[in-house]
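Fold and contact review
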Amino acid sequence: MSFSRVVRLGCCITGTALFGAKAAWSADWSRGDQKLPFFDQLKSLANTFNKIFPSILSARAICSENVSIQPWDWDWDGRNPSNFRTDSSLQGEIVTPKCTRHLLFIRHGQYYYAKEDSDCHLTGLGRQQLDCTGKRLRELNFPYRKLYYSTMTRAVESAELVLNHLPNVQAEPSDAIREGAPYILEPPLAYYKPTPKDIEEDGSRIELAFRRHIHRADVGQEADTALQFPPEAWIRFSLDHGSITWLVIRPDGRVTLRCLGNSGHMPPELISVQ
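Bear in mind the structure is a predicted one, so any value in this text is a computation, not a measurement.

Looking at the overall build of the protein chain
Regarding its fold elements, the protein chain presents six helices and seven strands. Taken from the N to the C terminus, the helices and strands of the protein chain come in the order α-β-β-α-α-β-α-β-α-β-α-β-β. Residues classed as buried in the protein chain amount to 29% of the 274 residues present. Only carbon and sulfur atoms are counted for the fraction: they give 56% of the accessible area of the protein chain, which is about 18,500 Å².

Considerations on the sheet that holds strand β6 (residues 244-249)
On the basis of which strands lie adjacent, the open sheet formed by three strands has the order β3-β6-β7 and antiparallel pairing. Whereas interior strands pair on both sides, the edge strands pair on one side only; in this sheet they are β3 (101-106) and β7 (255-262). Neighbour-to-neighbour, the strand axes of this sheet turn through a mean angle of 10°, independent of strand direction. Alignment of β6 against β7, held across five bridges, turns out to be antiparallel. Residue Ile244 lies in a different strand from β7, and its bridge partner there is Asn262. Strands β3 and β6 of the sheet are contacted by helix α4 (residues 124-140), whose axis makes an angle of about 165° with β3.

As for the pattern of salt bridges
A side chain of one charge can pair with a side chain of the opposite charge when the charged atoms of the two come close. Applying the stated rule across the entire model yields ten salt bridges. One salt bridge connects Glu139 with Arg136, and the closest N-O pair in it is separated by 4.0 Å. Here the residue Glu139 and the residue Arg136 both occupy positions in helix α4, the gap between them amounting to three residues, near one helical turn. The class for Arg136 is partly exposed, based on a relative accessible area of 33%. Across the pair Arg154 and Glu179 runs a salt bridge, and its minimum N-O distance is 3.1 Å. You can see Arg154 sitting in helix α5 (residues 153-163) and its partner Glu179 sitting in the loop between β5 (170-174) and α6 (196-213), a full 25 residues away along the chain. The exposure class assigned to Glu179 is exposed, which follows from its relative accessible area of 55%.

A short note on the nonpolar core
A general trend in soluble globular proteins is that nonpolar side chains are found buried together. In terms of nonpolar packing, the biggest core is built from ten residues, these being Tyr111, Cys120, Leu122, Leu130, Leu137, Leu161, Val162, Leu166, Val169 and Ile244. Within the residue set of this core, elements represented by two or more residues are α4 and α5. Leaving out residues up to four positions away in the same chain, Ile244 has contacts with Leu104, Phe105, Ile106, Thr133, Arg136, Leu137, Cys259, Leu260, Gly261, Asn262 and His265. The next biggest cluster of nonpolar side chains, apart from the first, holds seven residues, and it includes Ile214, Leu247, Ile249 and Val255.

Describing the environment of Arg205
With respect to the helices and strands, the residue Arg205 is situated in helix α6. When the C-alpha positions of Arg205 and Ala181 are compared, they lie 10.0 Å apart, and in sequence the two are 24 residues distant. Once residues within four sequence positions are removed from consideration, Arg205 is found in contact with Asp175, Ala176, Ile177, Arg178, Glu179 and Gly180.

Points about the packing of aromatic side chains
Here a ring pair, both rings aromatic, is described through the centre-centre distance and the interplanar angle of the planes. Under the criterion given, the structure shown has four aromatic pairs. Aromatic side chains Trp72 and Trp74 sit 6.4 Å apart centroid to centroid with 70° between the ring planes, which places their arrangement in the edge-to-face category. Their ring planes at 65° and their centres at 6.0 Å tell us that Phe142 and Tyr144 sit as a pair that is edge-to-face. On the basis of relative accessibility, which here comes to 24%, the residue Tyr144 falls in the partly exposed class. An aromatic cluster is present here, built from Phe142, Tyr144 and Trp246 joined pairwise through their rings. In this arrangement the basic side chain of Arg154 is found over the ring face of Tyr111, its NZ or CZ atom lying 4.2 Å from the centre. Between Arg258 and the ring centre of Trp246, over which it is positioned, the NZ or CZ distance is 4.1 Å.

A look at unusual backbone geometry
With an omega of 5°, the peptide bond running from Glu186 to Pro187 counts as cis. With respect to the helices and strands, the residue Pro187 is situated in the loop between β5 and α6. Even without a glycine there, the phi angle at Asn141 is positive, about 60°. Structurally, the position occupied by Asn141 is in the loop between α4 and β4 (146-150). Exposure remark for Asn141: the relative accessible area of 63% places this residue in the exposed category.

Quick word on the pairing of β6
Every regular strand shows the same layout, with side chains that alternate between the two sheet faces. The buried fraction of β6 is high, at six of six residues. With burial as the criterion, each face of β6 is covered, one bearing Ile244, Trp246 and Val248 and the other bearing Thr245, Leu247 and Ile249. Where β3 lies against β6, six bridges are found, and the strand directions are antiparallel. Bridging from a neighbouring strand, Phe105 pairs with Thr245 of β6.

Criteria and cut-off values
Residue indices follow the written sequence of each chain, beginning from 1 at its first position. Given that this is a predicted model, residues contribute local features only at a pLDDT of at least 70 and side-chain atom pairs are listed and counted only at 80 or more, while totals for whole chains, interfaces and linings are drawn from all residues. Values reported for side chains reflect all heavy atoms of the structure, with hydrogen atoms and water molecules removed beforehand. Strands are runs of DSSP state E lasting at least 2 residues, helices are runs of H or I lasting at least 4, and numbering of each runs from the N terminus. Accessibility here uses a 1.4 Å probe with only protein chains present; expressed as a share of the type maximum, an area under 20% marks a residue as buried, one over 50% as exposed, and anything in between as partly exposed. Per-residue and other accessible areas were derived by the Shrake-Rupley procedure at a 1.4 Å probe size, with only the shown protein chains allowed to occlude residues. Pairing between strands requires that DSSP locate at least two bridges from one strand to the other. To get an axis, a line is fitted to the C-alpha atoms, and for a helix only the part in contact is used. The angle between two axes follows their N-to-C directions and goes from 0 to 180 degrees. In this description, contact between two residues means that some pair of their heavy atoms is separated by no more than 4.5 Å. One speaks of a salt bridge when a side-chain nitrogen belonging to Lys or Arg is within 4 Å of a carboxyl oxygen belonging to Asp or Glu. To define a nonpolar core, start from buried Ala, Val, Leu, Ile, Met, Phe, Trp, Tyr and Cys residues and group those joined through side-chain atoms within 4.5 Å. In this analysis, rings of Phe, Tyr and Trp, with Trp reduced to its six-membered ring, are considered paired at centre separations within 6.5 Å, and the interplanar angle assigns stacked below 30 degrees, edge-to-face beyond 60, and tilted for intermediate values. Working rule: Lys NZ or Arg CZ, within 6 Å of ring centre, within 35 degrees of ring normal, means a charge sits over the ring.

Rendered as structure tokens:
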């Protein structure tokens, strides 16, 4: 069946349903030769709608009654404008950031798995992946401020390949963003079982890294779990090697995920995930 036929079929089905509804409403609005009062007409119309489209009303009931929405925490980074004033008194003027922060997270390239991190070098494919990512970042031509990278071998080598295309960007290694288990695994994995001690140590370290790097712009900046997902969901994400994740943080604390694990800048034969 061609696309045009599908569209026409959909229109015919919709038109028939609406025609049937109109006929039913017209019939219910009169009793013999006498028309019903206005409010009785509305009641009759609602009853007819309920008979014809019960699934719509059921879905509306589910959305309005059974779904609990977690309100957004506007002070998730401890930088709500009400916390900052021009002086220490409560009468001081509230100072708000003016800039939007754009954070780009780059996943390392494919690497050789080994017991010791020093032996976990990028594969040939992994090096090609990060070369493509570096080219993409250069093409975007954003005013990059700084590149922070993990001190793990695969991350160091990935950063070097990216910096080949961004020679004027400052770079800083960081132990705080090394790989780890920030929270319990739900659901658990058979091949990865961090101990409670691992989770406690890694969680504290990664939380400090989050507080340092993931926040809205500083008040004085002139140019330039944020999304509040449940923390146990971290293990459910799987990103392509060398992919780009783009997070936007507005001055008021609103956070937007522009893209997650984008690897569209690579040819298909270079895409891999592990």
